[in-house]
Amino acid sequence: MSKNSSRRDFLKTTLVSGVGLAIAPHVIPASALGRGGATPPSDRIVMAVIGAGSQGMGDARWFMQNPDVQLVAACDVDETRQLQAKSEFDRHHQTSDSRTYLDYRELLEKETVDGAILALPDHWHALIATAVASKGIDIYGEKPLARSIRDGRAIVKAAQENNIIWQTGSWQRSRPHFRRACELVINGRIGKIHHVEVGLPDGVKSIGTPPIMPIPEGLDWNFWLGPAPTKPFRGVVHWNWRWIMDYSGGQMTDWSGHHIDIAHWGLGMDHEGPVEIEGKGIYPREGIYDVPVEYDFTARYKNGITIRVANQSRLPHDMGTTWYGDAGWISVDRQGLTAENPSVLEETIGENEIHLYKSPDHVRNFLDCVKSREETITPVEVAHRSISVGLLGEIAMLTREKLQWDPENEMFTNSSHANRLLSRPYRKPWSL
Amino acid sequence: MAVTILLNACQFSSKYKSLIINPDSDGQERSEVIATILEKTDLFKVQTMDASETEMFQPVFTKYDLVVLTGDGKNWSDEVQNAFTNYVEQGGAVIFHHPTAHSYNDWETYSKITGIQGWGFLADPDIKYIFEIDPKSDAKQNIVGSTQTIAYSFVVHHNSDHPITQGLPNRWMHAEDDLFNYLQGSGFNGDVLANAYSDTTYNGSGRYEPVLFTNTFGEGRIFQTALAHNLTREPGPYHCAGFIVTLQRGAEWAVTGSVSQPLPMDFPNSASTMTWLDYEPLTIDELFTKASSYEYGKSRMYLSDISERIRHANSMQEDLGYYENKMIEFLNSDVSVESKNYMMQELSWMGTEACIPTLKEMASHNETMEMAQFAMQRLATQSDSE
């Protein structure tokens, strides 16, 4: 940790003072300066990716667009992916010495990095995020934050106790039109908000019931399962793990970190949780996928505001976040911004009104914060509160009870059944 | 004893007298299935009658609370046609089942009663479609009543305010079946309760087609189900819980104008079909028996059904002890390892101390140890927090 702290302090000094290079020459030999005006190594943020699948490598490419990032290591339980990552990192950095790991614990033991990209199946989030945080390594962690409320709280605790910078992959916050929507809502342009609708994707089509099959060469299936129950390999692994409840809550939890996150932001309720949740899910009777294909739940907050979360087909505004206020509605999704009264969208936000955190680019925001030690646009507690709504909805649907929730102590106050679903026991030898 | 007998007699006599008409000798089996489905409700007493010998076919419709037509056949005599018309006009209850839709093209009043124009000819721009299309603006050469076989993929949308469909899931997956396209009817004056997507993948019309609808004729109430054609498919559309339940509810509505039958505990949903081989849901004991042979990579539907029953019971605030005891019994019996592991995961959220000794026993066997520990850990977490 001391190694990382000192490196971090140095990065901060160079950014804040703006004269890092001027005072540095006696510390850094000139030969270590970057070639042809590139960022010198001392100012580079050295990173690893843990979970080098399509999401992890997509993130890594985004990071590599920043000249002050150097990706030095990739960890994945699938050898094919390790090699693909190494090849990309080496090509980009014009080296041949990036390292690959199957076991994240080995990476953490051997590598000295400033930051890590975590893009893992949800059931692995807590174990790896807490281990990485305990090394004082800053984290860009994919959403949703965690597979269970208890996992999420453990991540928050680890990130905060180790004073790491955390950015969640809830990148919509860094897009101008999402911020614009939230600023209009939070500044009362549609009056007092009483209800929000959040449309998330419809469930995916069943692939039926695949038989047990041989594990592909290079994939450590047992390690991939990790803390989840032992199950034979049936062909579902990369990406499509998210339709199986041992590893994910399906579209509903997968997207909580996007449109529910935006709903909270617009309400100015980033650090709050609902007090009552009720809803219904439609679960497939057959097939390897067992997450709900349709879902519809409503969370009520202590100020009376309700957020209804449902698969897009069930909602009038389809995908995205729609706030309903006394003076109309505003709806936002990735395509843009609409309002019941379109003139609302032309309004400017005055100097003395609320201006939300402005991030030019989600990855850049993380990198800047790694240097400045300022909070990112989606810090860990905010991510925890966003995914909590999805996870609470999942529990309400699994028990089909009207649940009372204490968001301070993170316990249900009226259901022992539901409280049991706040965590998912880990398979030995894994434990948090 | 005497009182009991009297009550039974009352119960018996209070059933709605129903007549199913076999249009021809081929319809015998179909009629028997429909009779079985109606009698499963305990509301109907069904009699079937063969219409294939026209001279012999002289039903006294007014004796019946409900008349069910299930198939086309030879034209009825004028006398019978008139009797049927009068029966409906004066408040009779009728069900037209899928194959009936296109019967008796020459009998004009019949199409007024069904609400459907018959079929097999080009759509008439002067006659309205039952659903969705404006015939004036539709220039396509649509063949009225053409059918497509749609494989396990169509979803039915309901008008959920009607007593027949109220409370049922508003989208559900029907078993493989034939689907009518482009139904037209100048006599149609009822409600479309459900329609199903006619998938172009199977040469369907690419639009939603009506499958459940009502009609009125005089004082009569008419329910029409276009679901369930081919009896030879196994398990086919006749076993679809969606078809069975809507037929049963539609029959009661036709007789009384309301539906007293409770909503079924099991039903197809937007992701899955649900078939009842004996035209009624499995008992919980039957579900456990069927679940006992579950293995990874095989059907898990009976396990899912048990989970759904438990969820439903929990939503009704029923004591889950009944289910827990069944699960304990199940775990202590000679059933597959995978089915035991599934049950233990279920117990992890809804079990009580009662299942702990069994979980401990399961934890002592390699194959079931992991899920037993999983369940015990969850159950223990809760007692800590309490």
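Worth saying up front: this structure is predicted, and the values here are computed from it rather than measured. (Residues numbered from 1 in each chain as written. Chains lettered and ligands numbered in written order. Predicted model: local features only at pLDDT ≥ 70, side-chain atom pairs only at ≥ 80, totals over all residues. Heavy atoms only, no water.)

A word on the overall build of chain B
Thought 1: Looking only at helices and strands, chain B has 11 helices and 11 strands in total.
Thought 2: Within chain B, residue pairs in contact and separated by at least 24 positions form 67% of the contacts whose partners lie at least 6 positions apart.
Thought 3: Accessible area of chain B: about 16800 Å², with a carbon and sulfur share of 48%. (Helix = DSSP H or I, 4+ residues; strand = E, 2+ residues; numbered from the N terminus. Contact = heavy atoms within 4.5 Å. Areas by Shrake-Rupley, 256 points an atom, 1.4 Å probe, with all protein chains shown as cover.)

Side note on empty space enclosed by the protein
Thought 1: Tallied over the full model, the rule gives 3 cavities of 30 Å³ or more.
Thought 2: Space inside the largest cavity adds up to approximately 80 Å³.
Thought 3: For the largest cavity, the full set of lining residues is H123, R147, D151, P227, A228, P229, D246, R424, P425 and Y426 of chain A together with F374 of chain B.
Thought 4: Within the lining of the largest cavity, the residues separate by chemical class into 6 nonpolar, 1 polar and 4 charged. (1 Å grid on protein atoms, 1.4 Å probe; cavity = no way out; pocket = protein on both sides within 12 Å on 5 of 7 lines; lining within 4 Å. Points joined across faces, edges and corners; volume = space filled by probe spheres on them. Nonpolar A, V, L, I, M, F, W, Y, C, P; charged D, E, K, R; others polar.)

What to know about the side chain of S256 of chain A
Thought 1: Mapped onto the elements of the fold, S256 of chain A is located in helix 11 (residues 256-267).
Thought 2: Ignoring anything within four residues of it in the chain, the contact list for S256 of chain A reads L200, D261, S386, I387 and G390 of chain A.

Notes on the interface of chain A and chain B
Thought 1: Contact with chain A, which involves 38 residues of that partner, is made by 38 residues of chain B.
Thought 2: Run the count over chain A and chain B and you get 3 salt bridges.
Thought 3: In this assembly, chain A and chain B are joined by 21 residue pairs in polar contact (both at pLDDT 80 or more).
Thought 4: For the side of chain A that touches chain B, the elements supplying multiple residues, two or more each, are helix 13 (380-399) and helix 14 (416-420) of chain A.
Thought 5: The biggest single contributor to the side of chain A that touches chain B is helix 14 of chain A, with 4 residues.
Thought 6: Class assignment for the residues of the side of chain A that touches chain B results in 17 nonpolar, 8 polar and 13 charged. (Salt bridge = Lys/Arg side-chain N within 4 Å of Asp/Glu carboxyl O. Polar contact = N/O pair within 3.5 Å; in protein donor to acceptor, adjacent residues only side chain to side chain.)

Here's the deal with the packing of helix 8 (residues 176-186) of chain A against helix 11 of chain A
Residues and elements named next belong to chain A.
Thought 1: In the contact formed by helix 8 and helix 11, the axes pass within 7 Å of each other and the chain directions differ by 40°. Considering the angle they form, helix 8 stands oblique to helix 11. Contacts from F178, R179, C182, V185 and I186 in helix 8 reach H259, I262, W265, G266 and L267 in helix 11.
Thought 2: Each residue belonging to the contact of helix 8 with helix 11 can be placed in one class, and the counts come to 7 nonpolar, 2 polar and 1 charged. (Axes fitted to C-alpha atoms, helices over the stretch in contact; angles between N-to-C directions. Parallel < 35°, antiparallel > 145°, perpendicular 65-115°, else oblique.)

Some words on the packing of aromatic side chains
Two aromatic rings, taken as a pair, are described by how far apart their centres are and by the angle between their planes.
Residue and element names in this part refer to chain B.
Thought 1: Under the defined criterion, the tally for this structure stands at 29 aromatic pairs over all chains.
Thought 2: Considering the side-chain rings of F61 and Y87, the 6.0 Å spacing of their centres and the 35° angle between planes classify their relative orientation as tilted. Within this pair, whereas F61 is found in the loop between strand 2 (44-50) and strand 3 (66-69), its partner Y87 is found in helix 3 (residues 78-89), the two being separated by 26 residues in sequence.
Thought 3: Residue classification places F61 among the buried positions, given a relative accessible area of 2%.
Thought 4: Overall, Y87 belongs to the buried group, its relative accessible area being 5%.
Thought 5: Ring geometry for W172 against F267: centres 5.4 Å apart, planes inclined by 75°, an arrangement best described as edge-to-face. With W172 in strand 7 (residues 171-173) and F267 in the loop between helix 5 (241-256) and helix 6 (284-291), this pair connects stretches of sequence that are 95 residues apart. (Phe/Tyr/Trp six-rings, centres within 6.5 Å; stacked < 30°, edge-to-face > 60°. Buried < 20%, exposed > 50% of the residue type's maximum accessible area, 1.4 Å probe, protein only.)

Some remarks on helix 3 (residues 54-64) of chain A
Thought 1: If you check which residues of helix 3 of chain A are buried, you get G56, M57, D59, A60, W62, F63 and M64 of chain A.
Thought 2: At its buried positions, helix 3 of chain A is contacted by strand 1 (45-50), strand 2 (69-75), helix 4 (79-93), strand 4 (115-118), strand 5 (138-141) and helix 12 (362-372) of chain A.

Concerning helix 13 of chain A
Residue and element names in this part refer to chain A.
Thought 1: The first and last C-alpha atoms of helix 13 sit 28 Å apart over 20 residues, in line with the 28 Å expected at 1.5 Å per residue.
Thought 2: Remark: the principal bend of helix 13, roughly 25°, maps to S388.
Thought 3: The first or second residue beyond helix 13 is R400, which carries a positive phi of 50°. (Expected span 1.5 Å × (residues − 1). Bend = angle between axes of the 7 residues up to and from the residue.)

Side note on the nonpolar core
Thought 1: Core analysis: the biggest nonpolar cluster contains 138 residues, and Y104 and W323 of chain A have the highest contact counts within it.
Thought 2: Top contributing element to this core by residue count: helix 13 of chain A, with 10 residues.
Thought 3: Counting residues in each nonpolar core, the second largest holds 51 residues, with L168, V192, F213 and L227 of chain B among its members. (Core = buried A, V, L, I, M, F, W, Y, C linked by side-chain atoms within 4.5 Å.)

As for the sheet that holds strand 7 (residues 193-200) of chain A
Residue and element names in this part refer to chain A.
Thought 1: Read across the open sheet, the 9 strands follow the order 13-12-11-7-10-9-8-14-15; overall the sheet is mixed. Looking at strand neighbours, the two that pair on one side only are strand 13 (336-339) and strand 15 (411-412), the edges of this open sheet.
Thought 2: Across 2 bridges, the pairing between strand 14 (residues 403-406) and strand 15 is antiparallel. Bridge pairing in strand 15 links D406 to M411.
Thought 3: Contacts between helix 8 and the sheet are confined to strand 7, strand 11 (320-325), strand 12 (328-333) and strand 13, with strand 12 contributing the most and set at about 160° to the helix.
Thought 4: Against the sheet, helix 11 makes contact with strand 7, strand 10 (306-311), strand 11 and strand 12, and its axis sits at roughly 165° relative to strand 7, the strand it touches most. (Pairing = 2+ DSSP bridges.)

What about the pattern of salt bridges?
Thought 1: For the structure on display, the rule yields 40 salt bridges over all chains.
Thought 2: Of the charged contacts in the structure, one is a salt bridge between D261 of chain A and R173 of chain A, with a shortest N-O distance of 2.8 Å. With a gap of 88 residues between them, D261 of chain A in helix 11 and R173 of chain A in the loop between strand 6 (166-168) and helix 8 connect regions that are remote in the sequence.
Thought 3: Residue D261 of chain A is classed as buried on the basis of its relative accessible area, which comes to 2%.
Thought 4: Here D42 of chain B ties to K15 of chain B by a salt bridge, and the two come within 3.9 Å at their closest N and O atoms. Separated by 27 residues along the polypeptide, D42 of chain B in the loop between helix 2 (27-39) and strand 2 and K15 of chain B in the loop between helix 1 (2-13) and strand 1 (16-22) bring together distant segments of the chain.
Thought 5: On the basis of relative accessibility, which here comes to 23%, the residue K15 of chain B falls in the partly exposed class.
Thought 6: By sharing partners, the salt bridges in this structure join E197, E294, D296, R308 and R314 of chain A together with R171 of chain B into a single network.

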